Amino acid sequence: MILVAPSLLAADYGRLHQQINMVENAGADWLHFDIMDGHFVPNLSYGADMVRQMRTNSSLFFDVHLMVEEPLNFLPMFEHCGADQITVHYEACSDLPAVISYLRQRHIKVGISVKPQTSEEVLQPFLHDIDNVLIMTVEPGFGGQQFMPDMLPKIKRTAQMIAEHKITLEVDGGINPQTAELCFENGADVFVAGNAIFKAQNPAEIIRQLHQLGEK
Ligand code: DX5
Ligand code: ZN
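In this text the structure is predicted, and so the values were computed from the model without any measurement.

**Q** Teacher, can you tell me more about unusual backbone geometry here?
**A** In most cases, non-glycine residues show a negative phi, while peptide bonds are predominantly trans. With a phi close to 50 degrees, Glu70 is a non-glycine residue in the positive phi region. In the Ramachandran plot, His107 falls in the positive-phi region, its phi being about 60 degrees despite a non-glycine side chain. With respect to the element layout, His107 can be found in the loop between helix 4 (96–105) and strand 5 (109–114). Among the residues examined, His107 registers a relative accessible area of 74% and is labelled exposed.

Given below as structure tokens:
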């Protein structure tokens, strides 16, 4: 099943509630929140309060992507914000098992993300304990970048590696209906899209096209 996860990073922040209602009505499955700390990535975005305030407005699955150094230090702030899933970066964690067990104890789904230069092999020891793998298809930190086609073989290898597990395979960065199709052919099933959805003339049509990949 294909899941579409609009990334709020590209939304109009002056009209956030309407923008969320719009993608929800258009059939989005997840809502993707990009949390950036200015250290792990060279950019800042927003924090847990923003996620919490949006929770009152939406019943979408809240997919929080933490691009922060040592996320364990931030998890107390995020555990009550209404996140359904929190994805941390492999590269940012000195104690990944501690992060996983913190989230598990609180019944929050767990994702691990890898940057483009990090091998998917590092995820192997954690596969029995996580819900989501997020393969970055750009360097994390900014929306609106070009999809890296070099990531396609990595997506394929990851899909093979997780095949025996109940894990979603999410891709993020430069995703639009064309690049999503390539990712889908290689085994991805969750598509994060910021600019492709929120900056489109007709966002609902883009969401529809992304869902349609699964019906071809
Ligand atoms: C980038 C973020 C993405 C970003 C994607 O570091 O993780 O979620 O919002 O934006 P687009 O889809 O515009 O590349
Ligand atoms: Zn993201």
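**Q** What am I meant to see in the pattern of salt bridges here?
**A** Within this structure, the stated rule accounts for 8 salt bridges. When the shortest N-O distance is used, the salt bridge between Arg15 and Asp12 registers 3.1 Å. Residue classification places Asp12 among the partly exposed residues on the basis of a relative accessible area of 36%. Look at the salt bridges and you will find they share partners, linking Arg104, Asp129 and Asp131 into a network.

**Q** How should I be thinking about the site of ligand 1 in this particular structure?
**A** Among the 19 residues in the neighbourhood of ligand 1, the closest are listed as Ser7, Gly141, Asp172, Gly194 and Asn195. At 3.4 Å, a side-chain N or O of His32 approaches an oxygen atom of ligand 1. In the model, an oxygen atom of ligand 1 is placed 2.8 Å from a nitrogen or oxygen of the Gly141 main chain. Protein contacts shield 99% of the accessible area of ligand 1, which totals 380 Å² for the unbound molecule. The cavity that encloses ligand 1 is the largest pocket.

**Q** In this structure, what is going on with the layout of surface pockets? I would like to understand it.
**A** Size it by volume and the largest pocket reaches roughly 280 Å³. At the level of elements, strand 2 (30–36), strand 3 (61–67), strand 8 (190–193) and helix 7 (195–198) are the ones that each hand at least two residues to the lining of the largest pocket. Its residues assigned to classes, the lining of the largest pocket comprises 12 nonpolar, 10 polar and 2 charged. Quantified by volume, the second largest pocket comes out at close to 210 Å³. What lines the second largest pocket is Leu3, Trp30, Phe61, Gln85, Lys109, Asp131, Lys166, Ile167 and Thr168. Of the residues in the lining of the second largest pocket, the class split is 4 nonpolar, 2 polar and 3 charged.

Definitions and cut-offs
- The numbering scheme is per chain: residues are counted from 1 as the chain's sequence reads.
- As a convention, the first chain written is A and the first ligand written is 1, with the rest following in written order.
- Confidence filtering applies because this is a predicted model: local features only for residues at pLDDT of at least 70, side-chain atom pairs given and counted only at 80 or more, and all residues used for totals across whole chains, interfaces and linings.
- Side-chain measures were taken over the full set of non-hydrogen atoms in the model, leaving aside hydrogen atoms and water.
- In DSSP terms, a helix is any run of H or I states spanning at least four residues, a strand is any run of E spanning at least two, and both are numbered starting from the N terminus.
- Each residue's exposure class comes from its accessible area (1.4 Å probe, protein chains only) as a fraction of the maximum for that residue type: buried when under 20%, exposed when over 50%, partly exposed otherwise.
- Whenever a carboxyl oxygen of Asp or Glu lies within 4 Å of a side-chain nitrogen of Lys or Arg, that contact is scored as a salt bridge.
- Definition of nearness: a residue and a molecule or strand are near each other if at least one heavy atom of the residue lies within 4 Å of the molecule or strand.
- Side-chain atoms alone can form a polar contact between residues adjacent in sequence; in general such a contact is a pair of N or O atoms within 3.5 Å, and within protein one must be able to donate a hydrogen while the other accepts it.
- Calculation of accessible area relied on Shrake-Rupley with a 1.4 Å probe; when residues are assessed, cover is drawn exclusively from the protein chains displayed.
- Cavity: a set of points on a 1 Å grid over the protein atoms alone where a 1.4 Å probe fits but cannot get out. Pocket: an open set with protein on both sides within 12 Å along at least five of seven lines, its lining residues, like those of a cavity, having an atom within 4 Å of a point.
- If over half the atoms of a molecule are within 2 Å of the grid points of a cavity or pocket, the molecule is regarded as sitting in it.
- Grid points are joined across faces, edges and corners, and a volume is the space filled by probe spheres set on the points.
- Three residue categories are used. Nonpolar comprises Ala, Val, Leu, Ile, Met, Phe, Trp, Tyr, Cys and Pro, charged comprises Asp, Glu, Lys and Arg, and polar comprises the others, including Gly.

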